[in-house]
Amino acid sequence: MQSQEPAALQLRIQELEAELAALRASAQEASGDIVTSAEAREEQKESNENLPLLLDEYRRYGRQMIMPEIGFDGQLRLKRAKVLIVGAGGLGSPAAAYIAGAGVGTIGIIDHDTVEHSNLHRQIIHSTSKVGMSKVESAITYLKDLNPNPTYIPHVQALTSANALPILTPYDLILDCTDHPSLRYLISDTAIILNKPIVSASALRTDGQLIVLNDPPGSGPCYRCIWPNPPPASTVTSCGEGGILGPVVGVMGVLQALEAIKLLSRPAPPEQKTTSMTIFSAFPQMAFRTLKMRGRRKACVACGEPADAKDKITKEAMEKGLIDHIAFCGTSAPVGLLKPEERVDVREYMKVRDEGKEHTLLDVRDETQFGICKLEGSLNIPYSEFESLALAEDTASKIPESLQSILAKGLPEAPIYVLCRLGNDSQHVTKQLKDAGVAGGRVFDIKGGISEWAKSGVSGPFPQY
Amino acid sequence: MGEEATLPITVEFSGGLELLFSKQKTHKVQIPASDPSGKPANVGFLVGWLCDNLMVDKRKDMFVMDGTVRNGILVLINDADWELEGEDEYVLEKGDNILFVSTLHGG
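Residues numbered from 1 in each chain as written. Chains lettered and ligands numbered in written order. Predicted model: local features only at pLDDT ≥ 70, side-chain atom pairs only at ≥ 80, totals over all residues. Heavy atoms only, no water.

**What about the overall build of chain A?**
Turning to step 1, where the next piece is worked out: The secondary structure content of chain A amounts to 19 helices and 13 strands.
Turning to step 2, where the next piece is worked out: Sorting the 465 residues of chain A into buried and exposed places 46% on the buried side.
Turning to step 3, where the next piece is worked out: Residue pairs in contact within chain A that sit at least 24 positions apart in sequence constitute 66% of those at least 6 positions apart.
Turning to step 4, where the next piece is worked out: For chain A, the exposed area adds up to about 23600 Å²; of that, 54% sits on carbon and sulfur atoms. (Helix = DSSP H or I, 4+ residues; strand = E, 2+ residues; numbered from the N terminus. Buried < 20%, exposed > 50% of the residue type's maximum accessible area, 1.4 Å probe, protein only. Contact = heavy atoms within 4.5 Å. Areas by Shrake-Rupley, 256 points an atom, 1.4 Å probe, with all protein chains shown as cover.)

Dropping the structure here:
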């Protein structure tokens, strides 16, 4: 492990630097460094004269306080405010940084995850030296350095139906920076029960969406008013699967912080407000669009009066554990289409290669992923082609022409090994090819895909993405 | 002009739905001004027409389910939630902009 050494050294350097800084500070104190201690005394004195802000805070927030949109009173409201940021990822990172920078007085952060290398291109409050650390701890370390004045409350855990009520209760505003519909419904239902507004955002690939819910509290629509029914689980794509451009999710997190600052610094909620959703597209031409959304749904099970009162999501129902948000949204079952003998693991497939057996390696990742890394000699036909053809009426049309022509040229009976990224799509393709009788039925799925190939190291170092 | 009359409208896809429609976000289309029963074309008719005429991808259930747009897709009529405009009953007018947004969940 070559990378451990520089990391350990880096850590040691940081430790020594911190030690040095501490020594310098105490040396200055001992030598009676006049400027520093006078400044410190001054600050102490003025802070004690019951100024509503610390002197540091006047300097720090001056640029936003001189704007009439915020003003001194707005700044004081920010200082008194308590915000909970749910998720310290791509949205939560920039949101937390701007919210802490703006001087919100109490900032809670909840996340159960740890920092990974694949987070760093977008989750800007985490850094390479924090890989493996809890995201909450990493975030708070960064935020304290950015602004030591707020009170930071760590919640190193997952938000669940069982803990959401007590966790959300102390806060004035909830930022939904999560990555799954079940959490979005959970946050909304809980916030409605507690009558707190929500600033919700999401992002995927090149697009982002932003909406402020339950605002003004008690009359703005909730997540269920806009989306009464969850999307089919099979249509929900995560950033890990679909990809995400850092600045796209960054923009959305920054906009969340902006809406939070506006909401918390205002003297009072507006009596009425039209709810709008802002959508952002980075491609082809960058565009923001503001969409006018519906208001509360009279029969909403969370914030309205459902036809059957038993359907109402109440505090009691939540406390009794009767509302299962994960079941409500469903989960896509793990793909298990094949019999054990129809699949090989990466070591078995390595043996096929080592022994030089005649075969076709069919890589069904899309061409973009295929362009990142591939096994030598593989044939790329994206899964989408198979998916589209799977619905064809006759058997022959279920096989892409490109594969047919290659099979016709080579050994039509040589086995085919199917590879994808994680080992799910490849099962569908294996089944499709077997059902069509291709290669005399000798079609095998490579378990775990190219990700497992890389992780196992069967062929030496191999890119993981 | 008679039964051949068409209506020019703009149809847009966002949030990844464009992947089902030739990876193109904006489509200027001419749709029949009336449905087969002779009633003026509404958004419900448009959804079916898009499936049959504009959607190349065969995975129709990524767009429609049980005869309407699937859960998780918002329909905006001239940038307003279709629920404010009568949902699928909204009668299309020349130059209307109909936007289909797939809700995102990543963060």
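**Overview of the domain arrangement of chain A**
Interfaces are often sized by the amount of accessible area the parts lose when they come together.
Turning to step 1, where the next piece is worked out: For chain A, the assigned domains are domain 1 (55-320) and domain 2 (340-456).
Turning to step 2, where the next piece is worked out: For domain 1 of chain A and domain 2 of chain A, the distance between their C-alpha centroids amounts to 42 Å. (Domains from an automatic or database assignment.)

**Remarks on empty space enclosed by the protein**
Turning to step 1, where the next piece is worked out: Per the counting criterion, the structure on display carries one cavity of 30 Å³ or more.
Turning to step 2, where the next piece is worked out: Of the voids in this model, the largest cavity is the one considered here, and its volume is about 70 Å³.
Turning to step 3, where the next piece is worked out: Taken together, R184(A), S200(A), A201(A), S202(A), Q209(A), L210(A), I211(A), Y223(A), W227(A), M277(A), T103(B) and L104(B) make up the lining of the largest cavity.
Turning to step 4, where the next piece is worked out: Elements represented by at least two residues in the lining of the largest cavity include exactly β5 (198-204) and β6 (207-213) of chain A. (1 Å grid on protein atoms, 1.4 Å probe; cavity = no way out; pocket = protein on both sides within 12 Å on 5 of 7 lines; lining within 4 Å. Points joined across faces, edges and corners; volume = space filled by probe spheres on them.)

**Overview of the UniProt feature "modified residue: 1-thioglycine" (unreviewed entry) in chain B**
Turning to step 1, where the next piece is worked out: UniProt's feature table lists "modified residue: 1-thioglycine" (unreviewed entry) at G107(B), given in the numbering used throughout.
Turning to step 2, where the next piece is worked out: Relative to the elements of secondary structure, G107(B) occurs in the segment after β7 (97-102). (UniProt positions renumbered as here; feature names shortened; annotations may be inferred.)

**Concerning the packing of aromatic side chains**
Residues and elements named next belong to chain A.
Turning to step 1, where the next piece is worked out: A complete count under the given rule lists 13 aromatic pairs over all chains for this structure.
Turning to step 2, where the next piece is worked out: Ring plane angle 90° and centroid distance 4.9 Å describe the contact between Y185 and F328, whose orientation is recorded as edge-to-face. Here Y185 is found in helix α8 (residues 181-194), whereas its partner F328 is found in helix α13 (residues 325-329), with 143 residues between them in sequence.
Turning to step 3, where the next piece is worked out: Ring centres 5.9 Å apart and planes at 55° place the aromatic pair Y349 and W453 in the tilted group. Of this pair, Y349 sits in helix α14 (residues 346-354) while W453 sits in helix α19 (residues 449-456), placing them 104 residues apart in sequence. As far as burial versus exposure is concerned, Y349 and W453 are alike and both buried.
Turning to step 4, where the next piece is worked out: Counting every residue linked through ring pairs, the aromatic cluster contains Y185, Y223, W227 and F328. (Phe/Tyr/Trp six-rings, centres within 6.5 Å; stacked < 30°, edge-to-face > 60°.)

**Quick look at the confidence of the model for chain A**
Turning to step 1, where the next piece is worked out: Counting all residues, the mean pLDDT for chain A is 90, and 89% of those residues have values of 70 or more.
Turning to step 2, where the next piece is worked out: Within the model, pLDDT remains below 50 along residues 32-37 of chain A, and this stretch shows two contacts once partners closer than five positions in the same chain are excluded. (pLDDT = per-residue confidence, 0-100.)

**Re the packing of helix α3 (residues 55-65) of chain A against helix α4 (residues 71-80) of chain A**
Residues and elements named next belong to chain A.
Turning to step 1, where the next piece is worked out: Here α3 crosses α4 at 120°, and the two axes come no closer than 10 Å. Considered as vectors, α3 and α4 are oriented oblique to each other. Along this stretch, α3 crosses α4, giving a crossing that reads as right-handed. Listed contacts from α4 to E57, Y58, Y61, Q64 and M65 of α3 are G71, F72, Q75, L78 and K79.
Turning to step 2, where the next piece is worked out: Tallied by class, residues from the contact of α3 with α4 come to five nonpolar, three polar and two charged. (Axes fitted to C-alpha atoms, helices over the stretch in contact; angles between N-to-C directions. Parallel < 35°, antiparallel > 145°, perpendicular 65-115°, else oblique. Left-handed = near helix turned anticlockwise from the far one by under 90°. Nonpolar A, V, L, I, M, F, W, Y, C, P; charged D, E, K, R; others polar.)

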